[in-house]
Amino acid sequence: MAPSFKVMSLTEAAAERIKGIMADAERPIAGLRVGVKNGGCAGMSYTMEYAEERKAGEDVVEDKGVRVFIDPKAVLFLLGTEMDFQTTKLASQFVFNNPNQTSACGCGESVAITPADPKALTAAHA
């Protein structure tokens, strides 16, 4: 059996931050749900929320001890993305290193993303 394909991956920093957030949650959390939504000056923005359970149709990524649920509408936008957590002098934030991202707005809140070719996803699952 071939190893399952991961839509996205996590850096150690992102995995550790997610583990910390989940440990501090007020209710049991199964993982983190990641997606994209229309909006912002560049066209799209990333979304993240606690996930108490997997929703129908979601891909599940297990990486570095963290479970991430991928919104089915976001799979082609997130294909090949690495999620990182960075701390600078001015901010601490999750950063998406996305090969499908074509541009970002100046404020960093929204991005332009071209969906990956569905053939790439099919080939990756083969």
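Thresholds applied
Residues numbered from 1 in each chain as written. Predicted model: local features only at pLDDT ≥ 70, side-chain atom pairs only at ≥ 80, totals over all residues. Heavy atoms only, no water. Helix = DSSP H or I, 4+ residues; strand = E, 2+ residues; numbered from the N terminus. Phe/Tyr/Trp six-rings, centres within 6.5 Å; stacked < 30°, edge-to-face > 60°. Buried < 20%, exposed > 50% of the residue type's maximum accessible area, 1.4 Å probe, protein only. Salt bridge = Lys/Arg side-chain N within 4 Å of Asp/Glu carboxyl O. Polar contact = N/O pair within 3.5 Å; in protein donor to acceptor, adjacent residues only side chain to side chain. Contact = heavy atoms within 4.5 Å.

(A) Structural view of the environment of glycine 65. Mapped onto the elements of the fold, glycine 65 is located in the loop between strand 4 (59–63) and strand 5 (66–70). Sequence separation of glycine 65 and glutamate 12 is 53 residues, and the distance between their C-alpha atoms is 9.8 Å.

(B) Spatial organisation of the packing of aromatic side chains. Overall, the coordinates contain two aromatic pairs when judged by the stated rule. For the pair tyrosine 46 and phenylalanine 96, a centre-to-centre distance of 4.1 Å together with 15° between the ring planes defines the contact as stacked. With tyrosine 46 in strand 3 (residues 44–51) and phenylalanine 96 in strand 7 (residues 92–97), this residue pair connects regions lying 50 residues apart in the sequence. Of the two residues examined, tyrosine 46 and phenylalanine 96, each falls in the buried class. Taking the centre distance of 5.0 Å and the plane angle of 65° together, the rings of phenylalanine 85 and phenylalanine 94 count as edge-to-face. For the pair phenylalanine 85 and phenylalanine 94, a shared accessibility class is recorded, and that class is buried.

(C) Main features of the pattern of salt bridges. If you walk through the whole model with that rule in mind, you get seven salt bridges. The shortest N-O distance in the salt bridge between glutamate 49 and arginine 33 comes to 3.3 Å. A residue pair is termed long-range when its members are at least 10 positions apart, and glutamate 49 in strand 3 and arginine 33 in strand 2 (residues 31–38) qualify at 16 residues. Note on glutamate 49: relative accessible area 40%, which makes it partly exposed.

(D) Layout of the side chain of aspartate 84. Within the secondary structure, aspartate 84 is located in strand 6 (residues 81–87). A distance of 2.7 Å separates the side chain of aspartate 84 from the side chain of threonine 11, its partner in a polar contact. In this structure the side chain of aspartate 84 is engaged in a polar contact, spanning 3.3 Å, whose partner is the side chain of glutamine 86. Residues contacting aspartate 84, with those up to four places away along its chain left out, are Thr11, Ala13, Ala14, Gln93, Phe94, Val95 and Asn97.

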